[in-house]
Amino acid sequence: MTNSVEEGSGKSSGASSLADKAGQYLTFVLGEEIYGLEILKVQEIIGMMTVTRVPRTPEYVRGVINLRGKVIPVIDLRSKFNMEIREDTSRTCIIVVQVKSANHQVTMGIIVDEVSEVLGVAGEQIEPAPSFGADVKTEFILGMGKVGSKVVMLLDVDKVLSWGEIASLNQIT
């Protein structure tokens, strides 16, 4: 037996998959909402720096940055999530993440309003992502973390962008 959580508990495999999502999450703020990224996907956090726009890219692609000699794409998560665009502040930062796409791994930056903290989220604190009907896709949400009185949307960074969108980002770098 490899999964002691289910032993004798009678929990379904759905409960097991939520327990598998337990771990450390880097939390950040976008607007009034708190989001979490699996800490193992995060390479580093950097302050805002000059982002070079790339013509003919989607609105959510802010551009590219030179990260210690490597050019990486940067996406604006507010724009990707269809949130109101606002100017960068002193708290705005870029989270550099590793995203898996098909057979390769992509390094990219995501712009967030501010980084909060690293939270440990246990399996029993995670609820499945709510369903909003067929027209609203939520596959990029791993689950909803209940931490104290807060709800943290746990993101699957591999699914925030589609396979085709990630392939497009690869072409601009």
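Computed from a predicted structure; not experimentally measured. (Residues numbered from 1 in each chain as written. Predicted model: local features only at pLDDT ≥ 70, side-chain atom pairs only at ≥ 80, totals over all residues. Heavy atoms only, no water.)

Colleague: Even after reading the chapter, I still don't get the overall build of the chain, so can you show me in this structure?
Modeller: Looking only at helices and strands, the chain features 4 helices and 11 strands. Burial statistics for the chain: of 173 residues in total, 45% are counted as buried. Taking all contacts inside the chain whose residues are at least 6 apart in sequence as the whole, residues at least 24 apart take part in 54%. Approximately 9,800 Å² of the chain is accessible, and the part contributed by carbon and sulfur atoms is 50%. (Helix = DSSP H or I, 4+ residues; strand = E, 2+ residues; numbered from the N terminus. Buried < 20%, exposed > 50% of the residue type's maximum accessible area, 1.4 Å probe, protein only. Contact = heavy atoms within 4.5 Å. Areas by Shrake-Rupley, 256 points an atom, 1.4 Å probe, with all protein chains shown as cover.)

Colleague: Help me understand the packing of aromatic side chains in this model?
Modeller: Scanning the model with the defined rule gives 3 aromatic pairs in all. Each ring, one from phenylalanine 28 and one from tyrosine 35, has its centre 5.6 Å from the other, and the planes form 15 degrees; the classification is stacked. Considered together, phenylalanine 28 and tyrosine 35 belong to a single accessibility category, that of buried residues. Arranged with centres 5.7 Å apart and planes meeting at 40 degrees, the rings of tyrosine 35 and phenylalanine 81 form a pair that is tilted. Residue tyrosine 35 is located in strand S2 (residues 33-38), and its partner phenylalanine 81 is located in the loop between helix H2 (77-80) and strand S6 (93-101); the two are separated by 46 residues in the primary sequence. (Phe/Tyr/Trp six-rings, centres within 6.5 Å; stacked < 30°, edge-to-face > 60°.)

Colleague: Help me understand the pattern of salt bridges in this model?
Modeller: Pairs can form between side chains of opposite charge whenever their charged atoms are close. If you walk through the whole model with that rule in mind, you get 11 salt bridges. Two residues, aspartate 88 and arginine 62, come together in a salt bridge whose shortest N-O distance is 3.0 Å. Remark: arginine 62 occurs in strand S4 (residues 61-67) and aspartate 88 occurs in the loop between H2 and S6; sequence separation between them is 26 residues. Here aspartate 88 falls in the partly exposed class, since its relative accessible area comes to 35%. One salt bridge connects aspartate 156 with lysine 159, and the closest N-O pair in it is separated by 3.9 Å. The exposure class assigned to aspartate 156 is buried, which follows from its relative accessible area of 10%. Several salt bridges share partner residues, and in doing so they unite Arg62, Asp76 and Asp88 into one network. (Salt bridge = Lys/Arg side-chain N within 4 Å of Asp/Glu carboxyl O.)

Colleague: Is there a simple way to explain the environment of arginine 62 in this structure?
Modeller: Of the residues examined, arginine 62 reaches a relative accessible area of 19% and is grouped as buried. Separated by 11 residues in sequence, arginine 62 and valine 51 place their C-alpha atoms 6.9 Å apart. Contact partners of arginine 62, with chain neighbours within four places excluded, come to Met48, Val51, Thr52, Arg53, Val74, Ile75, Asp76, Asp88 and Ile111. Among the polar contacts listed, one links the side chain of arginine 62 to the side chain of aspartate 88, at a separation of 3.0 Å. (Polar contact = N/O pair within 3.5 Å; in protein donor to acceptor, adjacent residues only side chain to side chain.)

Colleague: Explain the sheet that holds strand S11 (residues 150-155) here, please?
Modeller: Note on sheets: strands pair through backbone hydrogen bonds, and any given pair is parallel or antiparallel. The strand order S8-S1-S2-S11-S10-S9 describes an open sheet built from 6 strands, whose pairing is mixed. Of all the strands in the sheet, just strand S8 (114-121) and strand S9 (126-127) have a single pairing partner and so form its edges. Where strand S1 (residues 23-30) meets S2, 6 bridges bridge the pair, whose relative direction is antiparallel. Looking at the pairing, leucine 26 lines up with leucine 37 of S2. (Pairing = 2+ DSSP bridges.)

Colleague: Help me understand empty space enclosed by the protein, please; the structure alone is not making it clear to me.
Modeller: For the structure on display, the rule yields 1 cavity of 30 Å³ or more. The space that makes up the largest cavity amounts to roughly 80 Å³. In terms of lining residues, the largest cavity is bounded by Leu30, Arg62, Asp76, Arg78, Arg86, Glu87, Asp88, Thr89, Thr92, Ile111, Val112 and Asp113. Looking at the lining of the largest cavity, its residues break down into 3 nonpolar, 2 polar and 7 charged. (1 Å grid on protein atoms, 1.4 Å probe; cavity = no way out; pocket = protein on both sides within 12 Å on 5 of 7 lines; lining within 4 Å. Points joined across faces, edges and corners; volume = space filled by probe spheres on them. Nonpolar A, V, L, I, M, F, W, Y, C, P; charged D, E, K, R; others polar.)

Colleague: Is there a simple way to explain the layout of surface pockets in this structure?
Modeller: Once rolled over the atoms, a probe with the size of a water molecule shows which space is left empty. Quantified by volume, the largest pocket comes out at close to 380 Å³. Lining the largest pocket are 20 residues, with Lys80, Phe81, Lys137, Phe140 and Val160 sitting closest to its centre. Those elements that place two or more of their residues in the lining of the largest pocket are S6, helix H3 (157-160) and helix H4 (163-172). Per-class residue counts for the lining of the largest pocket are 10 nonpolar, 3 polar and 7 charged.

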